[in-house]
Each structure stands twice: as structure tokens, then as C-alpha cells.
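Coordinates in review
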Amino acid sequence: MLDLKWITKLILALDISTSCTGWCVFKNGIFVNMGYINTPNSCKDMMDKANYVKDALLNLTLDYAIDKIYIEENLQAFRPGLSSAKTLLTLARFNGIVSYLCLDIFGIKPEYINVNSARKLAGIKIDRKSNETTKQQILKWVTNDLKEIKWIWPTKILKSGKNKGKERILEYCYDMADSYVIAKASCLQLEKM
């Protein structure tokens with residue numbers, strides 16, 4: 001008989017970066033909500049950013065009694081043209097800080113999921129020959145996965161340039177979509193245990 005103890009878990013998934021952290025909550029293996037923590041430019045250093053994220057995580061405790069936390073694992077290798085060694089180090093440090101904040105705030109040790117493993121678990125196939133970026137393909141996949149609840153991504157109206165007056169999704173939606181993939185994959189992983 002299948003053990004479904006995990007089903008009662010309220011899962012928080014995070015896609016952490018110094019500029020924006022996407023978050024997603026699943027309960028009983030079903031999507032509940034997602035959003036983003038946009039770190040303002042007024043934050044002068046990593047500790048200011050960490051305090052800002054801490055406040056946002058504390059606000060999440062008001063709405064959700066989290067049982068498990070999953071975080072997208074740091075990039076493990078330097079990739080020329082994509083991320084500098086300095087960027088990788090900064091992201092790893094910030095990931096560690098936010099991981100500790102999760103332990104401190106929720107009393108839960110986060111678990112980490114590799115982005116490629118998460119995509120594979122969720123059944124996402126990235127088309128390397130596509131004109132769409134990986135982020136665009138992930139957003140499209142998540143939008144399709146959420147079509148039954150008619151999820152609406154936050155948008156803005158462009159105020160200048162050749163596309164003035166047109167509506168565009170916020171850049172942060174990509175971080176939200178990444179956190180959704182981590183949440184979905186964590187539920188599928190728990191289901192297999």
C-alpha cells in the first residue's frame with residue numbers, strides 16, 4: 001500500500017537570487033499560490049538584501065504553516081558566457097544565508113533539488129534549438145500546467161519605447177515559474193518515496 005503521509009505537507013519552494021526570489025506553495029501535491037520577493041535597489045549590500053528577504057519570509061508564515069522547504073540547488077560549475085565565478089560565489093553565499101533564514105524562521109532544514117533533476121521529474125523537455133529561451137519555455141510549461149485554474153501572471157504596461165502601451169509580464173514571473181517547477185518536482189519526488 002502506498003504511504004501518503006507526505007500528502008498532508010504544505011511545501012514551500014524557493015528559487016533564490018540576490019535580485020529576486022521566487023516562491024511557490026503546494027499542499028497535498030496541489031498548487032496553492034506563488035509570488036516573488038523583489039529585492040529593492042535601496043538594499044546596499046547582501047545583509048540588507050537578506051533582511052529584506054527575511055521580512056518577506058516572515059510574512060509568508062502569516063498565511064502558510066509550512067511543513068517542508070525545497071530550494072533550487074546552486075549552480076555547481078562555471079559556465080563561460082553565462083555566469084562569472086564571482087556571480088556563482090555571490091549566489092552561493094546568498095543561497096546559504098536564505099537557507100539559514102528558512103531554518104531560523106520555519107524551524108525546517110531546507111532540502112535542495114538540482115534544476116535539471118527537477119525539470120526531468122516534472123517532465124519538462126527544453127528544446128535547445130527553439131527561438132525561445134529556457135526561461136520562456138519554462139514559463140510556457142508552467143502556464144500550461146496551470147491552465148485549469150487560469151493562473152494570471154503579474155504584468156505591467158510599458159511606458160516608453162517602441163512597445164509603449166503594450167502589456168508585458170514582469171521579469172519576476174520567470175523566478176516564480178522556476179519555484180513552481182521546484183515545488184512540483186518535490187511533490188513528485190515525495191510521491192515516489
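If you're wondering where the values come from, they're calculated on a predicted model, not measured in any experiment. (Residues numbered from 1 in each chain as written. Predicted model: local features only at pLDDT ≥ 70, side-chain atom pairs only at ≥ 80, totals over all residues. Heavy atoms only, no water.)

Moving on, we get to the overall build of the chain. Within the chain, the regular secondary structure consists of five helices and seven strands. Listed N to C, the secondary structure of the chain is β-β-β-α-β-α-β-α-α-β-β-α in terms of helices and strands. When its C-alpha atoms are laid out on the principal axes, the chain stretches across 60 × 40 × 35 Å. Buried positions account for 40% of the 193 residues belonging to the chain. Restricting the contact set of the chain to residue pairs at least 6 apart, pairs at least 24 apart contribute 59%. Surface summary for the chain: the accessible area is close to 11600 Å², and the carbon and sulfur share equals 52%. In the chain, which carries 28 positive and 20 negative side-chain charges, the distance between the mean positions of the two groups comes to 6 Å. (Helix = DSSP H or I, 4+ residues; strand = E, 2+ residues; numbered from the N terminus. Buried < 20%, exposed > 50% of the residue type's maximum accessible area, 1.4 Å probe, protein only. Contact = heavy atoms within 4.5 Å. Areas by Shrake-Rupley, 256 points an atom, 1.4 Å probe, with all protein chains shown as cover. Lys, Arg positive; Asp, Glu negative; His and termini not counted. Charge placed at Lys NZ, Arg CZ, Asp CG, Glu CD.)

Time to look at the environment of L188. By the element assignment, L188 lies in helix α5 (residues 173-192). A residue is classified by how much of its surface remains accessible, and L188, at 24% relative accessible area, is partly exposed. For the pair L188 and S130, spaced 58 residues apart in sequence, the C-alpha separation works out to 27 Å. When near neighbours in sequence (up to four residues on either side) are disregarded, L188 contacts L121 and A122.

Right, let's talk about the pattern of salt bridges for a bit. In this structure the tally under the stated criterion is four salt bridges. Notably, a salt bridge pairs K135 with D178, separated by 3.6 Å at the nearest N-O pair. Taken as a pair, K135 in helix α4 (residues 134-145) and D178 in helix α5 lie far apart in primary sequence, 43 residues in all. K135 sits in the partly exposed class, given a relative accessible area of 41%. With its nearest N and O atoms 2.9 Å apart, the salt bridge here joins K184 to D145. Of the two residues, K184 sits in helix α5 while D145 sits in helix α4, which places them 39 residues apart along the sequence. (Salt bridge = Lys/Arg side-chain N within 4 Å of Asp/Glu carboxyl O.)

So, about the packing of aromatic side chains. Going through the model one piece at a time under the given rule, you end up with eight aromatic pairs. Ring centres of F26 and F31 lie 6.1 Å apart, and the angle between their planes is 75 degrees; on these two criteria the pair is classed as edge-to-face. On the basis of relative accessible area, F26 is assigned to the buried category, the value being 2%. The buried category is assigned to F31, whose relative accessible area is 14%. Plain terms: the ring middles of W151 and W153 are 5.9 Å apart, the flat faces sit at 85 degrees to each other, and that makes the pair edge-to-face. (Phe/Tyr/Trp six-rings, centres within 6.5 Å; stacked < 30°, edge-to-face > 60°.)

Attention now goes to the sheet that holds strand β5 (residues 111-113). The strand order across the open sheet formed by five strands is β3-β2-β1-β4-β5, and the pairing between neighbours is mixed. Taken across any chain shown, the strands that pair with only one partner, and hence form the sheet edges, are β3 (30-38) and β5. Between one strand axis and the next, the sheet turns through 25 degrees on average, direction left out of account. Of the strand pairs in this sheet, strand β4 (residues 68-72) and β5 are connected by three bridges, and their pairing is parallel. The residue bridging E72 from the neighbouring strand is I113, located in β5. Sheet contacts for α5: β1 (10-15), β2 (20-27), β3, β4 and β5; angle to β2, the most-contacted strand, approximately 35 degrees. (Pairing = 2+ DSSP bridges. Axes fitted to C-alpha atoms, helices over the stretch in contact; angles between N-to-C directions.)

Purely spatial values, then, with no claim about function.
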